Amino acid sequence: MTGHDEHEQELSTEGLDLEERQALRRVVGMSTELTDISEVEYRKLLLERVLLVGVWTEGSAEDAENSLAELKLLAETAGSEVLDGVIQRRKKPDPATFIGSGKVSDLRNLVASLGADTVIADGELAPAQLRNLEDKLKVKVVDRTALILDIFAQHAKSKEGKAQVELAQLQYMKQRLRGWGGNLSRQAGGRVGAAGGGIGGRGPGETKIETDRRRINTKISKLRRTLKEMKGTRSTMRQERRRHLVPSVAIAGYTNAGKSSLLNQITGAGVLVEDALFATLDPTTRRTTTSDGRVYTLTDTVGFVRHLPHDIVEAFRSTLEEVADADLLLHVVDGSHADPIAQIQAVREVLAEIGATDVPEIVVINKADAADPLALAPILHREPHAIVVSARTGEGIDKLRELIEGALPQPHISLDVLLPYDRGDLVSRIHSEGSVEQLEHTADGTRITARVHPALAGDLTPYAVA
């Protein structure tokens, strides 16, 4: 056989191997996976298997369990299968391993026995705690902040929302970069030439971790510039509403309390409604009218949660300013939740952080259809400006509209005018911008007694009745 023939046989054999590899078929009976499996069940098999761990430092055992239950909901929202949750009672988290070195070995055994591939800590871990836990547990470790950031990344839809989430993630990541030794140095020592820089050029140089940090800082600066431009656009829109003296109502509250459902119920906005944490991140503003024709806006904002990461609050500051600049705040509370008062406190902590504590507030206790009336009594006693509604059934919505109309800023200049029939534009403006007290159609025109703001009063003065 000549060399040419041998080479041809090699090629044909190689081709045959490729064909055989591509033609592989699964052997029947070797798989434990169900053959008749639904998409939902199949997706469930692919979920991350997580173990939750919390440190109980203060409050009651019930508070610690509620916090871990919320972490479970967050983990499931992120797309995980929660296997188990454990709580360690300590005066304060261990500075090295969060739960203490003795409990780490117990946790490692639990991880191995359950087959978990991720551990989620109910708190914000310092970089050293994160590194030590991963080194000892031999699985991925995530803290509460990283989990919330992951959910935000999944749910951000608008360009501004995505930029805000990326900024928060980069700020979080910058403190937690890990180096893997001096071999990642970017500058070589040695002799002059291609291999090194000669005198003054030897040594460690810029390491990989420093390069990563520099790139992250550059990206953060770029995102901040982008968000500043977007903030200008949002601010212009707010100024335009103020110029036309359109009162604004902001809907704020705990995540999954039913803010989007409430916006839909009052305005028919058609915003996404889902029984999930942080289902909507992008603020939605809709225009609606009072029963006497005054126009106002309703804005649905990002949901809050216990220990909302500071990076998130900073990144979403331009969005949250919608709440601080509002004329009225609808503070939505989930009436069916196990601890609604803790939800109220968590939301007010964030409101204080963004300077929105002076905005007039109506506490809206939602999900009346699923709540225990006895559990709502303490909230109603504690919050004088509270109302119980159900965005799903419509219960209490009409009464809420009345409360909103009564709490909106009222025009303060009272006028009695007679408008010719060719000035229908002014009649329309009185209806949308002012408060009509009396209206009569006469032979000479439309006589209106109304309360209006100063700018409109100036336009109406020539038609004032002596």
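One can find the structure itself at the top, above this paragraph.
Scope of this entry: the structure provided in the associated data block. (Residues numbered from 1 in each chain as written. Predicted model: local features only at pLDDT ≥ 70, side-chain atom pairs only at ≥ 80, totals over all residues. Heavy atoms only, no water.)

### Let's talk about the packing of helix H12 (residues 340-353) against helix H13 (residues 373-382)
Argument step 1. Packing of H12 against H13 leaves a shortest axis separation of 10 Å and a crossing angle of 40°. Taken together, the axes of H12 and H13 are oblique relative to one another. Contact with H12, carried on its side by Pro340, Ile341, Ile344 and Gln345, involves Pro378, Ile379 and Arg382 of H13 and no other residues of that element. (Axes fitted to C-alpha atoms, helices over the stretch in contact; angles between N-to-C directions. Helix = DSSP H or I, 4+ residues; strand = E, 2+ residues; numbered from the N terminus. Parallel < 35°, antiparallel > 145°, perpendicular 65-115°, else oblique. Contact = heavy atoms within 4.5 Å.)

### Examining the sheet that holds strand S6 (residues 284-289)
Argument step 1. Strand order in the open sheet formed by six strands is S6-S7-S5-S8-S9-S10, and the pairing between neighbours is mixed. Of all the strands in the sheet, just S6 and strand S10 (386-388) have a single pairing partner and so form its edges. Neighbour to neighbour, the strand axes of the sheet diverge by 25° on average, direction disregarded.
Argument step 2. By the bridge criterion, five bridges tie strand S5 (residues 248-253) to strand S8 (residues 328-334) in an arrangement that is parallel. Paired with Val249 across the two strands is Leu328, which belongs to S8.
Argument step 3. Strands in contact with helix H9 (residues 259-267) are S5, S6, strand S7 (295-300), S8 and strand S9 (361-366); relative to S7, the strand with the most contacts, it is inclined by about 160°.
Argument step 4. Of the strands in this sheet, S5, S7, S8, S9 and S10 touch helix H14 (residues 397-407), which is tilted by about 170° from S9. (Pairing = 2+ DSSP bridges.)

### Examining the packing of aromatic side chains
Argument step 1. Inspection of every chain in the model, using the stated rule, returns zero aromatic pairs.
Argument step 2. The positively charged end of Arg89 is found above the aromatic ring belonging to Trp56, 4.1 Å away from the centroid. (Phe/Tyr/Trp six-rings, centres within 6.5 Å; stacked < 30°, edge-to-face > 60°. Lys NZ or Arg CZ within 6 Å of the ring centre and 35° of its normal.)

### Points about H12
Argument step 1. Its 14 residues place the ends of H12 20 Å apart at the C-alpha level, agreeing with the 20 Å of an ideal helix rising 1.5 Å per residue.
Argument step 2. Along H12, the residues that are buried comprise Pro340, Ala342, Gln343, Ile344, Ala346, Val347, Val350 and Leu351.
Argument step 3. Just downstream of H12 lies Gly355, where phi reads positive at about 75°. (Expected span 1.5 Å × (residues − 1). Buried < 20%, exposed > 50% of the residue type's maximum accessible area, 1.4 Å probe, protein only.)

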